[in-house]
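# Fold and geometry: a report
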Amino acid sequence: MGQHGFEIAYVFEYFYRLLPALKVTLLIVGSSIGIGTIVGLLVALPQLYRIPVLRRLSQLYVSFFRGTPILIQLFLFYYGVPEVLKLFYVDLTRTPALFFVILTYSLHSGAYIAEVIRGAVSAVDRGQVEAAYAVGMNGFQAFSRIVLPQALSISIPVYGNVVIGNLKDTSLAFTLGILDITGKAQSMGTLSQRFIEVYISLAALYFIISFALQKLFERLERRLLRHEPAAAGLTKEPLVKRSFLRREAASSKWRRKEAQL
Amino acid sequence: MIQLSQIKKSYGRQQVLHGIDLTVGKGDVVAILGPSGSGKTTLLRCINYLERPSEGDITIDGFTVHCKRLTKSDIHQLRLKSAMVFQQYNLFRHKTALENVMEGLVVVHKLPKEQARLRAVEMLEKVGLGDKLDAYPSQLSGGQQQRVGIARALALSPKVILLDEPTSSLDPELVGEVLSVIRKIAKEGITMIIVTHEMSFAQDVASHVVFMDNGTIVEQGKPREIFQSPKEERTKQFLKRFAPESAYSI
Ligand SMILES: Nc1ncnc2c1ncn2[C@@H]1O[C@H](COP(=O)(O)OP(=O)(O)OP(=O)(O)O)[C@@H](O)[C@H]1O
Ligand SMILES: [Mg+2]
């Protein structure tokens, strides 16, 4: 606890003083989501196309990054990668910590994004691909014109969750001395001993960005899913419920099939 | 015009088609009947290579594919000669009715957009959906979706349209509108192969009826021959289930 009494005015002051550090936070989020999306696609493909050995490797990759805490991953990469590369005579001792942070967050979100892509692509029903083949499209045309656009719009809400999760996870980067908004808040708190005010403004800042991202993704989803008004109307429902609805629809299809027999 | 010879298909160790021979003339409407699991869908899907036959030759409009040795371009050529109407419609859900019909014309046949649009409108009008051009599949009833499916197939001017139980996922009151569209295009002389359980429809629209059981063609002929004087015991038994008097027993 600081020795000062709580003063609301400081909350506003710290909020403004945190803003410059937002660059660093957004840089980590932006670049790791960007790289993570490419990684995710590369990791998802062997599973989608059932490529024998690569498929196992990509499953291993996903379970490692989903199954271990990001803080440990951060330390493993920060301390471990330079050690390993030393064996190959590559010197990383002067590489900025930010590099390792972005590397870790990219690989971490890549694992989640791979799952998002895999789920979204398999949610587009196989029948449409067959219809595409039947009108004479080749595999690439069917994927890029029929599957991909629908997979994208299906994946938007979950993708949004990954981005927001990533934003919140970056608050651990301060452990490697990164001056993102959390790192900045730490040092401001230590200097002023007004921890409560600092953390209130920090929380507010995270909340505002998360909220803005959430609205952005909801909007994007509504735009992309205008062809499925029923699904787009459910944006606010939790994901579990939506996939449940989808399953319901599928099972009612089955029931109807059974009834015919 | 269409000739299938010795088409065989196995899934693993289970053989589903045991060497099917079938000849379809230009303008014929062939109805394929048979109990569930007899291989009707599989046969139809082999004709446009959605299913890869293990053996046999397929000829459509002078173009022959030997299933034992073929290239990707053979498959593509073969698919251009046919179009398919699916039991579950399989419309592209992110595209409007109009875009569904235009898609193949633009992407595969490389028609200029404006020309493709005109043709698509014409086809949708033919199936009675001139007022639903901009509707997405989610905004259409099952019967309307299936009619878009038919328009999509027609637009490609295929040599043959393959229809797999086009009405069996529809609510009973919507079956009629789809059947009457099919009846209408049959009258225009378009070659069709239809798998169906609608006996009376098969009887009055088909020019040729094929009865399948256990992966073989048991009997085929004119509708009158098959429905009124079937020769094979299995055909008789199958048709008896659909005969009017059995309707009361449900
Ligand atoms: N992908 C598949 N893998 C394994 N077996 C299959 C597959 N598709 C079909 N079969 C089997 O092949 C046989 C023929 O199936 P098919 O769908 O062609 O029958 P059908 O005559 O169309 O039946 P229905 O009237 O129920 O549609 C069935 O025994 C089925 O179990
Ligand atoms: Mg079938």
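Residues numbered from 1 in each chain as written. Chains lettered and ligands numbered in written order. Predicted model: local features only at pLDDT ≥ 70, side-chain atom pairs only at ≥ 80, totals over all residues. Heavy atoms only, no water.

## Things to note about the overall build of chain B
Helices and strands together make up the secondary structure of chain B, namely nine helices and 10 strands. Relative to the globule expectation of 18 Å for 250 residues, the C-alpha radius of gyration of chain B, 18 Å, shows essentially globular dimensions. Looking at chain B as a whole, 57% of its 250 residues qualify as buried. For chain B, restricting intrachain contacts to residue pairs at least 6 apart in sequence, the fraction spanning at least 24 positions comes to 64%. Accessible surface, chain B: about 11200 Å² in total, of which carbon and sulfur atoms supply 47%. Of the side-chain charges in chain B, 33 are positive and 28 negative, and the distance between the mean point of each set is 5 Å. (Helix = DSSP H or I, 4+ residues; strand = E, 2+ residues; numbered from the N terminus. Rg over C-alpha atoms; globule rule 2.2 N^0.38 Å. Buried < 20%, exposed > 50% of the residue type's maximum accessible area, 1.4 Å probe, protein only. Contact = heavy atoms within 4.5 Å. Areas by Shrake-Rupley, 256 points an atom, 1.4 Å probe, with all protein chains shown as cover. Lys, Arg positive; Asp, Glu negative; His and termini not counted. Charge placed at Lys NZ, Arg CZ, Asp CG, Glu CD.)

## Some points on the site of ligand 1
Residue and element names in this part refer to chain B. Around ligand 1, the structure places 13 residues, and the nearest of them are Ser 36, Gly 37, Lys 40, Thr 41 and Thr 42. Within the backbone of Ser 38, one N or O atom sits 3.2 Å away from an oxygen atom of ligand 1. Lys 40 places a polar side-chain atom, nitrogen or oxygen, 2.7 Å from an oxygen atom of ligand 1. For ligand 1, the protein covers 62% of the area, taking 630 Å² as the surface of the free molecule. Those elements giving two or more residues to the shell around ligand 1 turn out to be β2 (14-24) and α1 (40-47). Ranked by residues supplied to the shell around ligand 1, first place goes to α1 with three residues. Among the residues forming the shell around ligand 1, the class breakdown is three nonpolar, eight polar and two charged. (Near = heavy atom within 4 Å. Polar contact = N/O pair within 3.5 Å; in protein donor to acceptor, adjacent residues only side chain to side chain. Nonpolar A, V, L, I, M, F, W, Y, C, P; charged D, E, K, R; others polar.)

## Brief notes about the interface of chain A and chain B
Across the boundary between the two partners, chain A contributes 25 residues, which contact 29 residues of chain B. Summed over both sides, the interface between chain A and chain B buries roughly 2300 Å², with carbon and sulfur atoms accounting for 54% of that surface. Considering only the surface of chain A that becomes buried against chain B, Ala 134, Val 135 and His 227 of chain A emerge as the three largest contributors, covering 23% of it. Counting across the interface, chain A meets chain B through three salt bridges. Glu 103 of chain B is the partner of Arg 145 of chain A in a salt bridge, and the nearest nitrogen-oxygen pair spans 2.5 Å. Connecting chain A to chain B are 10 residue pairs in polar contact (both at pLDDT 80 or more). Elements that contribute at least two residues to the side of chain A that touches chain B include exactly α6 (126-134), α7 (139-169) and α11 (239-260) of chain A. Sort the elements by how many residues they give to the side of chain A that touches chain B and α6 of chain A lands first, with seven residues. Counted by class, the side of chain A that touches chain B contains 10 nonpolar, seven polar and eight charged residues. (Buried area = accessible area lost by both parts, 1.4 Å probe. Salt bridge = Lys/Arg side-chain N within 4 Å of Asp/Glu carboxyl O.)

## Some remarks on the sheet that holds strand β3 (residues 29-33) of chain B
Residues and elements named next belong to chain B. Here we have six strands laid out as an open sheet, ordered β6-β7-β8-β3-β9-β10, and mixed in their pairing. Unpaired on one side and paired on the other, β6 (82-85) and β10 (216-221) mark the two borders of the sheet. Direction aside, the axes of adjacent strands within the sheet are offset by 20° on average. Direction of pairing for strand β9 (residues 208-213) relative to β10: antiparallel, over a ladder of five bridges. When the bridges of β10 are listed, Val 209 appears paired with Gly 221. Contacts from helix α9 (residues 233-242) reach β3, β9 and β10 within the one sheet, and its direction differs from that of β9 by about 100°. (Pairing = 2+ DSSP bridges. Axes fitted to C-alpha atoms, helices over the stretch in contact; angles between N-to-C directions.)

## Looking at the sheet that holds strand β5 (residues 63-66) of chain B
Residue and element names in this part refer to chain B. Read across the sheet, four strands follow the order β2-β1-β4-β5 without closing on themselves; strand pairing throughout is antiparallel. The open sheet has two free edges, formed respectively by β2 and β5, since each of these has just one partner strand. When strand polarity is set aside, the average angle formed by the axes of neighbouring strands in this sheet is 15°. Judged from the five bridges that link them, strand β1 (residues 2-11) and strand β4 (residues 55-60) form a sheet pairing that is antiparallel. Bridge pairing in β4 places Leu 4 opposite Ile 58. Together, β4 and β5 form the strand contacts of helix α2 (residues 72-80), whose direction differs from that of β5 by roughly 135°.

## Here we look at helix α2 (residues 22-48) of chain A
Taking 1.5 Å as the rise per residue, α2 of chain A with 27 residues should run 39 Å; its terminal C-alpha atoms sit 37 Å apart, in good agreement. Just downstream of α2 of chain A lies Arg 50 of chain A, where phi reads positive at about 50°. (Expected span 1.5 Å × (residues − 1).)

## Observations concerning the pattern of salt bridges
All told, the structure shown has 18 salt bridges over all chains when counted by the stated rule. Across the pair Arg 194 of chain A and Glu 7 of chain A runs a salt bridge, and its minimum N-O distance is 3.6 Å. Of the two residues, Arg 194 of chain A is situated in the loop between α8 (181-192) and α9 (195-224) and Glu 7 of chain A in the segment before α1 (8-18); the sequence distance between them amounts to 187 residues. For Glu 7 of chain A, a relative accessible area of 39% puts it in the partly exposed group. Between Glu 55 of chain B and Lys 8 of chain B there is a salt bridge, and its shortest N-O distance comes to 3.7 Å. In this pair, Glu 55 of chain B sits in strand β4 while Lys 8 of chain B sits in strand β1, placing the two residues 47 residues apart along the sequence. Taking the relative accessible area as the measure of exposure, Glu 55 of chain B reaches 32% and is therefore partly exposed. Salt bridges linked by common partners bring Glu 7, Arg 194 and Glu 197 of chain A together as one network.

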